[in-house]
Amino acid sequence: KEFVGQTVVAGGWVKTGRSADKGAFAFLEVNDGSCASNLQVIVSSELTDIGVVTSTGASVLVKGLLKEPPEGKKQNIELHATEVLLVGPSDGKTYPVAKTKLTLEHLRTIIHFRIRTNIIAAITRVRKTLAAATHEFFQQN
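Predicted model, so just to flag it, every value in this text is computed and none were measured.

Student: Mind showing me how you'd approach the side chain of T54 here?
Tutor: Position of T54 among the secondary structure elements: in the loop between helix 1 (50–53) and strand 4 (59–67). Among the polar contacts made by the side chain of T54, one reaches the main-chain carbonyl oxygen of I50 at a distance of 2.9 Å. A distance of 3.5 Å separates the side chain of T54 from the backbone oxygen of G51, its partner in a polar contact. Leave out the neighbours within four places in its chain, and T54 touches V14, G17, R18, S19, A26 and L28.

Have a look at this one:
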């Protein structure tokens, strides 16, 4: 909440995207893997091709103004885009990391995509925290 009203740049992969108001704008759920929650980004169709940036798996870099969402919304904060850079497009129909729960056996077949799943990203964050705590302990003792 301390960054509300500031212009920021955020990058990551589109977890989900949908157009609204007959294609006038789109809602993107963007995640870079650094935390479990997604950032909701609101993109106007004047900035970019909505059909391309709403594809699951697309890599985007977004500059915009952080605002508080309207009352009753589940998001704590949302980014209203002023600039959008499509770093890497994705075909949402063939993207292998579906929104449904994937088994660990299936993730072994798509190793280069598994970090984009919630379970592997969470395991990686826990591993990082444990490694940092271990290093800190041995540095101090």
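Student: Sorry if this is basic, but what is going on with the packing of aromatic side chains here?
Tutor: Pairs of aromatic rings are described using the distance from one ring centre to the other and the angle between the two planes. Scanning the entire structure with this criterion turns up two aromatic pairs. Ring centres of F25 and F27 lie 5.3 Å apart, and the angle between their planes is 80 degrees; this geometry places the pair in the edge-to-face category. Its relative accessible area of 25% is what places F25 among the partly exposed residues.

Student: What is the right way to look at the layout of surface pockets in this model?
Tutor: Unoccupied space between atoms shows up once a probe the size of one water molecule is rolled over them. A volume near 330 Å³ is recorded for the second largest pocket. Looking at the second largest pocket, it is lined by 15 residues, and the ones nearest its centre are V30, C35, S37, N38 and L39. Elements supplying a minimum of two residues to the lining of the second largest pocket: strand 1 (7–20), strand 2 (25–31) and strand 3 (39–44). Residue composition of the lining of the second largest pocket, by class: five nonpolar, eight polar and two charged.

Student: Mind showing me how you'd approach the environment of G88 here?
Tutor: Residue placement: G88 occurs in strand 5 (residues 78–88). Judged by its relative accessible area of 18%, G88 is buried. Dropping the residues within four chain positions of it, G88 is found in contact with A58 and S59.

Student: Would you mind going over a nonpolar patch on the surface with me for this structure?
Tutor: The grouping of V9, L61, L85 and V87 at the surface amounts to a nonpolar patch, some 360 Å² of accessible area in total. Mapped onto the elements of the fold, L85 is located in strand 5. Classification of L85 by relative accessible area gives partly exposed; the value is 47%.

Student: Would you mind going over the sheet that holds strand 4 with me for this structure?
Tutor: Pairing between sheet strands relies on hydrogen bonds along the backbone, with the strands arranged either parallel or antiparallel. The strand order around the closed barrel built from five strands is 1-2-3-5-4, with neighbouring strands paired in mixed fashion. This sheet shows a mean twist of 55 degrees between the axes of neighbouring strands, independent of strand direction. In the sheet, strand 2 pairs with strand 3 via six bridges, with the strands oriented antiparallel. Bridged to F27 within strand 3 is I42.

What counts and how
- Residues numbered from 1 in each chain as written.
- Predicted model: local features only at pLDDT ≥ 70, side-chain atom pairs only at ≥ 80, totals over all residues.
- Heavy atoms only, no water.
- Helix = DSSP H or I, 4+ residues; strand = E, 2+ residues; numbered from the N terminus.
- Polar contact = N/O pair within 3.5 Å; in protein donor to acceptor, adjacent residues only side chain to side chain.
- Contact = heavy atoms within 4.5 Å.
- Phe/Tyr/Trp six-rings, centres within 6.5 Å; stacked < 30°, edge-to-face > 60°.
- Buried < 20%, exposed > 50% of the residue type's maximum accessible area, 1.4 Å probe, protein only.
- 1 Å grid on protein atoms, 1.4 Å probe; cavity = no way out; pocket = protein on both sides within 12 Å on 5 of 7 lines; lining within 4 Å.
- Points joined across faces, edges and corners; volume = space filled by probe spheres on them.
- Nonpolar A, V, L, I, M, F, W, Y, C, P; charged D, E, K, R; others polar.
- Patch = residues over 30% accessible without salt bridge, like charges linked within 9 Å, V, L, I, M, F, W, Y side chains within 5 Å.
- Areas by Shrake-Rupley, 256 points an atom, 1.4 Å probe, with all protein chains shown as cover.
- Salt bridge = Lys/Arg side-chain N within 4 Å of Asp/Glu carboxyl O.
- Pairing = 2+ DSSP bridges.
- Axes fitted to C-alpha atoms, helices over the stretch in contact; angles between N-to-C directions.

Everything listed here is a matter of coordinates, which is why it stays silent on function.
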